[in-house]
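# Structural characterization, general
Spelled out, the chains give:
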Amino acid sequence: MNRITIDPVTRLEGHGKIEILLDPEGEVQNAYFQIPELRGFERFCVGRLAEDMPNLTDRICGVCPEAHHLAATKALDELFHAEPTPAAKKLRELFYSIFFATDHTTHFYALGGPDFIVGPDAPKAERNILGVIKKVGMDVAGKVLKMRRDGHDLIAKIGGRRVQPNWGLPGGVSRGITDELRQEILARGREAVEFARFSLKAFDDIVLGNPGYVELIKSEGFTHRCYSMGTVDEKGRVNFYDGLIRVVDQDGQEVLKYHPREYLSHIAERVEPWTYLKFPYLKKVGWKGLVDGKDSGVYRATPLSRLNAASGMATPLAQEEYERLYATLGGKPVHHTLATHWARLVELLYATERWVELASDPEVAHPNVRQVPTATPTEGVGCVEAPRGTLTHHYWTDERGVLTKVNLVVGTTNNYAPIALSVKKAAQALIHKGTVVTDGLLDRVEMAFRAYDPCFGCATHALPGQMPLEVTVRAADGVVVERLARGLR
Amino acid sequence: MKTLVLGLGNPLLGDDAVGLRVAASLRGRLPPDVELDEDYCGGLRLMERLAGYEHVVIVDALVTGAHPPGLVLCLRPGEVETQHSGSTHDVSLSDALRLAAALGLPMPRLDLVVIEAGQVLEFDEHLTPAVEAAVPRAARMVLELVAAPPKCAGAAA
């Protein structure tokens with residue numbers, strides 16, 4: 001069998017690679033996205049006090065520590081049987097909305113956006129944040145940096161620290177906010193709404209105004225008909241902080257709706273011999289391999305799948321954009337992977353509107369932000385929607401609150417199987433009869449997985465940490481017949 | 001001159017914590033006008049963290065596989081990339097610095113004191129022995145840089 005290897009992460013030697021396997025005729029037989037994975041976190045936690053988890057787990061990842069912090073804190077609520085006070089709940093969701101808006105902004109402008117704003121066919125050297133700025137104007141860069149600065153500043157003011165918050169406690173949070181800070185948060189939130197609207201307008205002008213881009217979004221090469229997962233509120237609308245998990249099928253029909261604590265009844269993990277990764281799938285449907293369709297339990301947990309799984313958005317401007325997305329792309333649900341970028345912007349608008357809604361509520365500054373737990377700890381599940389997928393923390397303790405078992409299902413994990421599907425389809429479009437691999441293959445594969453905003457155990461940022469690509473074409477006997485590389489030293 | 005010494009790393013991830021350990025070892029040993037801090041970030045966030053200083057010394061782990069663990073190097077930006085490498089959710093520091101330049105944001109003179117790491121994939125609160133032994137050497141290099149900033153080059157094995 002011929003083998004093409006794309007290694008995107010040289011820093012983690014031997015751990016991160018995309019392998020595209022060809023059949024004897026030179027056609028793509030399968031594609032595997034093998035990712036670097038940090039080992040032993042769950043084991044590392046056993047024997048520690050459960051209440052340390054919000055401050056331990058937010059160090060797993062430097063990209064979304066706020067998501068881990070709140071998932072851990074919610075798991076402690078359940079573990080210690082301590083329902084957070086209404087003010088604490090609102091304050092947590094306000095904090096989380098600010099984080100979400102900041103995170104989605106970064107992805108759109110710095111990471112995913114370059115594919116569209118600069119253009120999928122632009123030279124690689126221009127497809128970065130500098131290319132984006134060149135295209136949309138220098139003043140936009142200032143807006144992006146201000147949005148990030150405001151977000152990080154407010155997260156630090158509420159959560160106590162600039163990067164990893166140290167604030168969540170079972171039954172609430174360690175401190176509330178003053179009414180003066182609430183007013184500041186509200187004022188910046190109103191600016192954030194305008195920024196989100198501006199971002200959607202930019203997407204409208206640059207992407208939707210270009211028939212070629214719309215065609216690319218809707219192309220079969222970037223389409224998978226998987227189940228869609230997301231958290232919904234009591235009215236079935238998207239919620240990032242709390243609610244029930246809803247899964248809809250390829251036609252938008254509900255197939256599952258469950259409390260996050262029941263996840264083990266509905267989600268199983270497939271172990272494949274060729275990778276140490278486990279592929280989550282819907283138990284009810286079953287594992288049929290790395291394929292999409294109704295018979296395959298493969299699901300997606302992304303901004304787009306959250307929109308698919310919900311009845312709508314809980315804020316008015318985001319709802320308008322939600323309706324426009326589905327009207328433009330042919331109705332609900334949408335299965336076009338690249339539409340995830342658009343869905344992310346709809347979520348950005350929702351996050352900023354929710355930020356304003358919550359900051360407008362005086363109760364968010366109420367001093368009663370903690371119910372002190374009194375019950376014996378047992379077991380708890382905490383779940384939030386992380387920017388890149390549903391995030392679940394599950395802890396078991398003894399009666400002293402010492403952890404005996406820990407299980408985490410992180411956002412990107414949910415999407416392992418669909419990412420592999422996307423890479424395979426991207427490769428299938430460009431490899432036929434053993435044709436020479438071109439730079440276009442790298443671009444297309446990168447576009448496919450970047451839409452998921454994947455995060456692979458990014459806690460470590462040791463240098464050099466670039467994301468080079470390496471393609472090695474091997475003949476059936478293992479001999480390297482061609483090698484393409486990008487960004488390797 | 002407004003100077004910052006910034007230790008970077010994950011305290012739970014083996015040798016990735018070495019930048020934090022070097023920073024901790026420098027407490028009380030830096031001139032009073034030099035700020036000392038710890039952080040976790042790369043790329044854009046790191047660039048934003050640097051704003052407002054004239055000179056910043058970053059201390060971080062390096063994983064090249066080309067050096068023995070514990071080798072201490074002093075590098076300039078551009079000689080090495082930095083970002084959350086397991087994620088697509090960041091840009092490299094050099095891209096972030098280019099963005100700052102394009103926007104006219106004043107960026108400091110930047111020196112990188114890096115220590116080749118051994119183990120950064122397994123959660124562990126301890127450094128490997130070779131990297132542990134490098135902490136005083138890296139700290140000395142930082143002190144020299146703070147005292148005489150404009151000559152960063154070479155290795156301290």
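Our subject is the structure listed above.
Predicted model only: the values in this text are computed from it and were never measured.

Of the regular secondary structure elements, chain B holds 4 helices and 6 strands. Seen in sequence order, chain B has helices and strands lined up from the N terminus as β-α-β-α-β-β-α-β-α-β. Taken over 157 residues, chain B has a buried fraction of 60%. For chain B, the share of sequence-separated contacts (at least 6 apart) that also reach a separation of at least 24 residues comes to 80%. With the model as given, the accessible surface of chain B reaches about 5600 Å², and the carbon-plus-sulfur share is 56%.

Each helix and strand in chain A was counted, giving 15 helices and 16 strands. Put simply, chain A has 489 residues, and 64% of those count as buried. Within chain A, counting contacts between residues at least 6 apart in sequence, those at least 24 apart form 67% of the total.

All names here are of chain A. Applying the stated criterion to the full structure yields 17 aromatic pairs over all chains. On the basis of an interplanar angle of 45° and a centroid distance of 5.7 Å, the ring pair of Tyr-109 and Phe-195 is categorised as tilted. Taken together, the residues Tyr-109 in helix 4 (residues 86–118) and Phe-195 in helix 7 (residues 179–208) connect sequence positions 86 residues apart. In terms of burial, Tyr-109 and Phe-195 fall into one category: buried. Centre to centre, the rings of Tyr-322 and Tyr-326 are 4.9 Å apart; their planes meet at 70°, and the pair counts as edge-to-face. Taken as a pair, Tyr-322 and Tyr-326 lie in helix 11 (residues 316–328) at a separation of 4 residues, close to a single helical turn.

Throughout the structure, instances matching the rule amount to 39 salt bridges over all chains. Between A:Arg148 and B:Glu48 there is a salt bridge; the shortest N-O distance is 2.7 Å. Note that A:Arg148 is positioned in helix 6 (residues 138–159) and B:Glu48 in helix 2 (residues 43–50), a pairing that runs across two chains. The class of B:Glu48 is partly exposed, set by a relative accessible area of 23%. Note that B:Arg76 is salt-bridged to B:Asp111, the shortest N-O span being 3.5 Å. With a gap of 35 residues between them, B:Arg76 in the loop between strand 4 (72–75) and helix 3 (93–103) and B:Asp111 in strand 5 (residues 109–116) connect regions that are remote in the sequence. A single salt-bridge network, built from bridges that share partners, covers A:Lys146, A:Asp150, A:Asp153, A:Lys157, A:Glu184, A:Arg188 and A:Glu191.

Tracing the backbone shows A:Gly209 in the loop between helix 7 and helix 8 (211–217). Distance from A:Gly209 to A:His335, taken between C-alpha atoms, is 21 Å for residues 126 residues apart in sequence.

On to the packing of helix 6 of chain A against helix 2 of chain B. Where helix 6 of chain A meets helix 2 of chain B, the closest approach of the two axes is 12 Å, and the angle between their N-to-C directions is 80°. By the angle between their directions, the pair helix 6 of chain A and helix 2 of chain B is classed as roughly perpendicular. Where helix 6 of chain A abuts helix 2 of chain B, its residues A:Leu145, A:Arg148 and A:His152 lie against B:Leu44, B:Arg45, B:Met47 and B:Glu48.

Here we come to the packing of helix 11 of chain A against helix 12 (residues 340–359) of chain A. Residues and elements named next belong to chain A. Relative to each other, helix 11 and helix 12 sit at 165°, their axes nearing to 8 Å. Here helix 11 is positioned roughly antiparallel relative to helix 12, judged by the angle of their axes. Seen along the crossing, helix 11 lies across helix 12 with a hand that is left-handed. Across the interface between the two elements, Pro-316, Leu-317, Ala-318, Glu-321, Tyr-322, Arg-324, Leu-325 and Thr-328 from helix 11 touch Trp-342, Ala-343, Val-346, Leu-349, Tyr-350 and Glu-353 from helix 12. When the residues that make up the contact of helix 11 with helix 12 are grouped by side-chain class, the tally is 10 nonpolar, 1 polar and 3 charged.

With that settled, consider unusual backbone geometry. The peptide bond linking A:Lys332 to A:Pro333 adopts the cis configuration, its omega dihedral lying at 0°. Among the structural elements, A:Pro333 can be located in the loop between helix 11 and helix 12.

Turning our attention to the sheet that holds strand 13 (residues 389–397) of chain A. Residues and elements named next belong to chain A. If you trace the 3 strands from one edge of the open sheet to the other, you get 12-13-14, paired in antiparallel fashion. In the strand order of this sheet, the two ends are held by strand 12 (379–386) and strand 14 (403–409), each with one partner. Each strand axis lies, on average, 10° off the axis of its neighbour in the sheet, ignoring direction. As defined by bridge partners, strand 13 adjoins strand 14 across 6 bridges and the pair is classed as antiparallel. In the strand pairing of strand 14, Thr-397 is matched with Leu-403. Its contacts with the sheet place helix 3 (residues 65–79) against strand 12 and strand 13, and it is angled at close to 150° to strand 12.

The rules behind each value
- Residues numbered from 1 in each chain as written.
- Chains lettered and ligands numbered in written order.
- Predicted model: local features only at pLDDT ≥ 70, side-chain atom pairs only at ≥ 80, totals over all residues.
- Heavy atoms only, no water.
- Helix = DSSP H or I, 4+ residues; strand = E, 2+ residues; numbered from the N terminus.
- Buried < 20%, exposed > 50% of the residue type's maximum accessible area, 1.4 Å probe, protein only.
- Contact = heavy atoms within 4.5 Å.
- Areas by Shrake-Rupley, 256 points an atom, 1.4 Å probe, with all protein chains shown as cover.
- Phe/Tyr/Trp six-rings, centres within 6.5 Å; stacked < 30°, edge-to-face > 60°.
- Salt bridge = Lys/Arg side-chain N within 4 Å of Asp/Glu carboxyl O.
- Axes fitted to C-alpha atoms, helices over the stretch in contact; angles between N-to-C directions.
- Parallel < 35°, antiparallel > 145°, perpendicular 65-115°, else oblique.
- Left-handed = near helix turned anticlockwise from the far one by under 90°.
- Nonpolar A, V, L, I, M, F, W, Y, C, P; charged D, E, K, R; others polar.
- Pairing = 2+ DSSP bridges.

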